[in-house]
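So the chains spell out like this:
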Amino acid sequence: MRSVPQRLERLVCAEHCRYYKPWATPEPDCNSAQWLLELVGGRAELLDGVERLRGRRLSLTQVQEGTLLRRVCTPCQHYPHNCAYRRPDRSPGAEPCGGLLVLGQLLGAGLITPEDLLGSAAHPKHGTA
Ligand code: SF4
């Protein structure tokens, strides 16, 4: 039986992140991955929502994009210059990391709210229900 971090690596990074390298250790400081671990750790049913995204091509709406920029990307250690999607000189085809795309889908489905993403993943201000 895989652990939650192993399942998230498979369901989020391997499935949806174009920057994922299976031969490398996943980036421990990717803030979207930390948030997913935090949220799924408190609400196991969210893993079903992530499972349902398998095989889908994901994108962000403008509203999700703004919320996730403020609450997930700006505190991320890759932001901005070490992130292909957020760097000021990004290429036109640059895509968000897989964790950001999955968080956007969970927001869009109402499975999480912007308030769930207050604070930092390491020190969330929200109470997980
Ligand atoms: S898109 Fe970039 S800055 Fe935002 S969470 Fe992912 S790696 Fe971090």
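Notes on the structure in this doc start here. Predicted model, so just to flag it, every value in this text is computed and none were measured.

## As for the side chain of Arg43
Note that Arg43 resides in the loop between α2 (31–42) and α3 (46–51). Within the structure, Arg43 has its side chain in polar contact with the backbone oxygen of Leu111 (distance 2.4 Å).

## Structural notes on helix α1 (residues 4–16)
The end-to-end C-alpha separation of α1 is 17 Å, in line with the 18 Å expected for 13 residues at 1.5 Å each. For α1, the complete set of buried residues consists of Leu8, Leu11, Val12, Cys13 and His16. Along its buried surface, α1 packs onto α2, α3 and α5 (98–108).

## Considerations on unusual backbone geometry
Outside of glycine, negative phi angles account for most residues, and trans bonds account for most peptide bonds. Of the consecutive residues Tyr79 and Pro80, the connecting peptide bond is found in the cis state with omega at -10°. Mapped onto the elements, Pro80 comes out in the loop between α4 (62–73) and α5.

About the cut-offs
Every chain is numbered independently, its residues counted from 1 as its sequence is written. For a predicted model such as this one, the threshold for reporting local features is a pLDDT of at least 70, and the threshold for listing and counting side-chain atom pairs is 80 or more; totals across whole chains, interfaces and linings nevertheless cover every residue. Where side-chain values are given, they derive from all heavy atoms of the structure, hydrogens and water being excluded. Numbering of helices and strands runs from the N terminus; a helix is a DSSP stretch of H or I covering at least four residues, while a strand is a stretch of E covering at least two. We define a polar contact as two N or O atoms separated by no more than 3.5 Å, with the added condition that, inside protein, one atom must be a possible hydrogen donor and the other a possible acceptor, whereas residues neighbouring each other in sequence contribute only through side-chain atom pairs. To estimate the expected span of a helix, subtract one from its residue number and multiply by 1.5 Å. Per-residue accessibility, obtained with a 1.4 Å probe over protein chains only, is compared with the maximum for each type, and a residue is labelled buried under 20%, exposed over 50%, and partly exposed between these values. We call two residues in contact whenever any of their non-hydrogen atoms come within 4.5 Å of each other.

Remember that the coordinates give geometry; whether it matters functionally is a separate question.
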